[in-house]
Amino acid sequence: MVRGMEDRLINTVVYIVLGIAGLAAIFPLMYVVSVSITPFSEVLKNGGFLLIPKSVTFTAYHKLFSESNIPQAFWITIFITIVGTIINLILTALMAYPLSRKKLPGRKWFLLLVVFTMLFSGGIIPTYLIVKALGLIDSVWAMILPNAVWSFNVLIMKSFFENLPDELFESARMDGAKEFRILLQIVIPLSVPSLLTIGLFYLVGHWNEFFQAVMYVTDRTLFPLQVVIREILMLTQQPMDNAENMLPTETMQMASVVIASLPVIMIYPFIQKHFTKGMLLGSVKG
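Residues numbered from 1 in each chain as written. Predicted model: local features only at pLDDT ≥ 70, side-chain atom pairs only at ≥ 80, totals over all residues. Heavy atoms only, no water.

Under an unreviewed UniProt entry, the name given to the chain is Carbohydrate ABC transporter permease, and the source organism is Paenibacillus radicis. Entered under Sequence similarities (unreviewed entry) in the UniProt record, the comment concerning the chain runs "Belongs to the binding-protein-dependent transport system permease family." Here is the UniProt Subcellular location (unreviewed entry) comment for the chain, exactly as written: "Cell membrane". (UniProt positions renumbered as here; feature names shortened; annotations may be inferred.)

Dropping the structure here:
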């Protein structure tokens, strides 16, 4: 009985802590959404703090999609995310598979080079010169190709490939299958969990693309969503009156944050298990 009371007490404490953590995570989101759909006069009446609006207006969202670069930036980001993720997965799989084969000549040296790139980079200026020499400046490909392969994801996928039974590869080779066919018809179908997990990492990275765009893109029509959102957030606060229908900068800022965050928030509940699995993917042998 004492043991049961201790377990209930521990569970209660855990639930309270998790509840507080959940509220701490939800509170900023509720505030941002509320301010974005509330007339600013009501926000002022509540001293700038508002969680449940009494009246709702979508004027900020209408203005963002009708008078700003948000729609164009949205489609640029979608293109970067989809095409970039596909390229990432193809190149990562093609690099991870040979590295997972222990009989690969010079395998240790190749792995050393992969790990080296995780610790040291070529630097911003050399990378910029390479991108410029390839003619990628002011191109959407400048936001995709420089990060076509992430070394960390290569190592994760390599570890997953290594855990596949060797008997499958030996049987396929006995039937005359070449390495490329083994990769396409055996390894890839068995590695769907690995591909989904790493694909999600790539997808989120491309959706939040900012640094590459700032470095390599000056054409405003090619700015991704995060760069346009930053410009909106950096706008200076305009003088405000108490007019009911005015649209101050703060309301635009909150609406832009919601637009940038909503797609990922809507998708995350369906892909959470893959993110959780990816934390330990390939780390356990057997």
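Caption draft 1: The layout of surface pockets, seen in detail. Here the largest pocket defines a volume of roughly 650 Å³. For the largest pocket, the lining is made up of 27 residues, of which Ser121, Gly122, Thr127, Pro146 and Asn147 are closest to its centre. Elements supplying a minimum of two residues to the lining of the largest pocket: helix H5 (107-119), helix H6 (124-133), helix H7 (151-162) and helix H11 (211-216). For the lining of the largest pocket, the residue count by class is 19 nonpolar, 8 polar and no charged. (1 Å grid on protein atoms, 1.4 Å probe; cavity = no way out; pocket = protein on both sides within 12 Å on 5 of 7 lines; lining within 4 Å. Points joined across faces, edges and corners; volume = space filled by probe spheres on them. Helix = DSSP H or I, 4+ residues; strand = E, 2+ residues; numbered from the N terminus. Nonpolar A, V, L, I, M, F, W, Y, C, P; charged D, E, K, R; others polar.)

Caption draft 2: Just the UniProt feature "transmembrane region" (unreviewed entry) in the chain, in detail. Taken from the UniProt record, the annotation "transmembrane region" (unreviewed entry) applies to residues 12-33, 73-97, 109-129, 141-161, 182-204 and 252-271. Between the C-alpha atoms that bound residues 73-97 the distance is 35 Å, and the span itself is 100% helix and 0% strand. Note that residues 141-161 is 52% helix and 0% strand, and that its end C-alpha atoms are spaced 29 Å apart.

Caption draft 3: Local environment of the side chain of Lys158. Mapped onto the elements, Lys158 comes out in helix H7. Not counting chain neighbours up to four residues away, the residues in contact with Lys158 comprise Ala96, Leu99, Ser100, Arg107 and Leu111. (Contact = heavy atoms within 4.5 Å.)

Caption draft 4: Spotlight on helix H9 (residues 179-190). Taking 1.5 Å per residue, 12 residues should reach 16 Å; H9 reaches 15 Å between its end C-alpha atoms and fits that length. Along H9, the positions that sit buried rather than exposed are Ile182, Leu183 and Val187. Each buried residue of H9 sits inside an arc of 95 degrees when the element is viewed along its axis, so together they form one side. The secondary structure elements touched by the buried residues of H9 are helix H4 (70-100), H7 and helix H8 (166-174). (Expected span 1.5 Å × (residues − 1). Buried < 20%, exposed > 50% of the residue type's maximum accessible area, 1.4 Å probe, protein only. Arc of directions from axis to C-beta.)

Caption draft 5: Representation of the nonpolar core. The biggest cluster of nonpolar side chains holds 30 residues, and the ones touching the most others in it are Leu64, Ile70, Met143 and Leu225. Contributing elements (two or more residues each) for this core: helix H1 (2-36), helix H3 (59-67), H4, helix H12 (225-233) and helix H13 (249-278). Among the elements that take part in this core, H13 stands out by supplying 6 residues, more than any other. Those residues in contact with Met143, other than ones at most four positions away along the chain, are Ile76, Ile80, His206, Glu209, Gln212, Ala213, Val217, Leu222 and Pro224. Phe160, Leu164, Ala177 and Leu195 belong to the second-largest nonpolar core, a separate cluster that totals 21 residues. (Core = buried A, V, L, I, M, F, W, Y, C linked by side-chain atoms within 4.5 Å.)

Caption draft 6: Summary view of H6. In terms of residue burial, H6 counts as a barely covered element, since only 1 of its 10 residues are buried. Gly135 sits one or two positions beyond H6 and adopts a positive phi of about 75 degrees.

Caption draft 7: Inspection of the packing of aromatic side chains at higher detail. Within the structure shown, the criterion is met by 8 aromatic pairs. Here Tyr97 and Phe161 contribute two aromatic rings whose centre-to-centre distance is 6.3 Å and whose plane-to-plane angle is 70 degrees, an arrangement assigned as edge-to-face. Taken together, the residues span a long stretch of sequence, with Tyr97 in helix H4 and Phe161 in helix H7 at a distance of 64 residues. Across this residue pair, the class does not change: Tyr97 and Phe161 are buried. Members of the aromatic cluster, joined through ring pairs, are Tyr97, Phe161 and Phe169. Of note, Arg101 hangs over the ring of Phe169, and the distance from its end group to the ring centre comes to 4.1 Å. (Phe/Tyr/Trp six-rings, centres within 6.5 Å; stacked < 30°, edge-to-face > 60°. Lys NZ or Arg CZ within 6 Å of the ring centre and 35° of its normal.)

Caption draft 8: Region of the structure containing the side chain of Thr81. Considering the arrangement of structural elements, one finds Thr81 in helix H4. On the basis of relative accessibility, which here comes to 7%, the residue Thr81 falls in the buried class.

Caption draft 9: Region of the structure containing the pattern of salt bridges. For the coordinates displayed, the defined rule picks out 4 salt bridges. Of the charged contacts, one joins Glu162 and Lys158 as a salt bridge, the two residues approaching to 2.9 Å between their closest N and O atoms. In this pair, Glu162 and Lys158 are both assigned in helix H7, 4 residues apart and thus about one turn of the helix distant. Both residues of the pair, Glu162 and Lys158, count as buried. With a shortest N-O distance of 2.8 Å, Glu231 and Arg220 are connected by a salt bridge. With Glu231 in helix H12 and Arg220 in the loop between H11 and H12, this residue pair connects regions lying 11 residues apart in the sequence. Its relative accessible area of 25% is what places Glu231 among the partly exposed residues. Residues joined by salt bridges that share partners form a network here, namely Arg107, Lys158 and Glu162. (Salt bridge = Lys/Arg side-chain N within 4 Å of Asp/Glu carboxyl O.)

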